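Spelled out, the chains give:
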Amino acid sequence: MFKLSSIKVGMKYQDVRNEIIKSNNLVMSCLPAFCNSNYDVAKNLDTKEKVYVLRDYDTGIITDVTTDYYKAVNAETAQRNISEILYNNGY
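Described in the following lines is the structure provided in the data block. (Residues numbered from 1 in each chain as written. Predicted model: local features only at pLDDT ≥ 70, side-chain atom pairs only at ≥ 80, totals over all residues. Heavy atoms only, no water.)

Let's talk about the packing of aromatic side chains
Applying the stated rule across the entire model yields two aromatic pairs. Relative to Tyr 69, the ring of Tyr 52 lies with its centre 6.1 Å away and its plane at 65°, an arrangement referred to as edge-to-face. On the criterion of sequence distance, the pair formed by Tyr 52 in strand E3 (residues 50-55) and Tyr 69 in helix H2 (residues 69-72) is long-range, its members being 17 residues apart. When its relative accessible area of 5% is taken as the criterion, Tyr 52 is described as buried. Since its relative accessible area comes to 29%, Tyr 69 is described here as partly exposed. Following the ring pairs from residue to residue traces out a cluster consisting of Tyr 52, Tyr 69 and Tyr 70. (Phe/Tyr/Trp six-rings, centres within 6.5 Å; stacked < 30°, edge-to-face > 60°. Helix = DSSP H or I, 4+ residues; strand = E, 2+ residues; numbered from the N terminus. Buried < 20%, exposed > 50% of the residue type's maximum accessible area, 1.4 Å probe, protein only.)

Comments concerning the nonpolar core
Note that soluble globular proteins tend to have their nonpolar side chains buried in a common cluster. In terms of nonpolar packing, the biggest core is built from twelve residues, these being Phe 2, Leu 4, Ile 7, Tyr 13, Val 16, Ile 20, Leu 26, Met 28, Ala 42, Val 51, Val 53 and Ile 62. Listing elements by their share of this core, those giving two or more residues are helix H1 (13-22), strand E1 (26-30) and E3. Those residues within four positions of Ile 20 in sequence are excluded, and the remaining contacts are Phe 2, Ile 7, Leu 26, Val 27, Met 28 and Ala 42. If you look at the next biggest cluster of nonpolar residues, it comprises eight residues, including Leu 31, Val 41, Ala 72 and Ala 78. (Core = buried A, V, L, I, M, F, W, Y, C linked by side-chain atoms within 4.5 Å. Contact = heavy atoms within 4.5 Å.)

A look at the environment of Ser 6
Tracing the backbone shows Ser 6 in the segment before H1. The class of Ser 6 is partly exposed, set by a relative accessible area of 29%. Residues Ser 6 and Tyr 52, 46 residues apart in the sequence, show an inter-C-alpha distance of 13 Å.

Honestly, it's all geometry; don't read function into it.
Shown next, in the form of structure tokens:
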């Protein structure tokens, strides 16, 4: 059974994505645009565990794996962006 802890730097992103698709409790998606991040997030739906994955788009190789949200996302920029979006939409 594939686990989020199995994702390592140097693995092929597509291989990891295929394993996640085959699993029953894992999903992978990109972070919202307002986060201004190149990381994708892999989630375990049962335990709510999250792993942030960065890949080289040219080679398809995973270059970073972290559980640290603040490494994957500049929280200050994300907060500023979402505040601007909400303000511009009347909230």
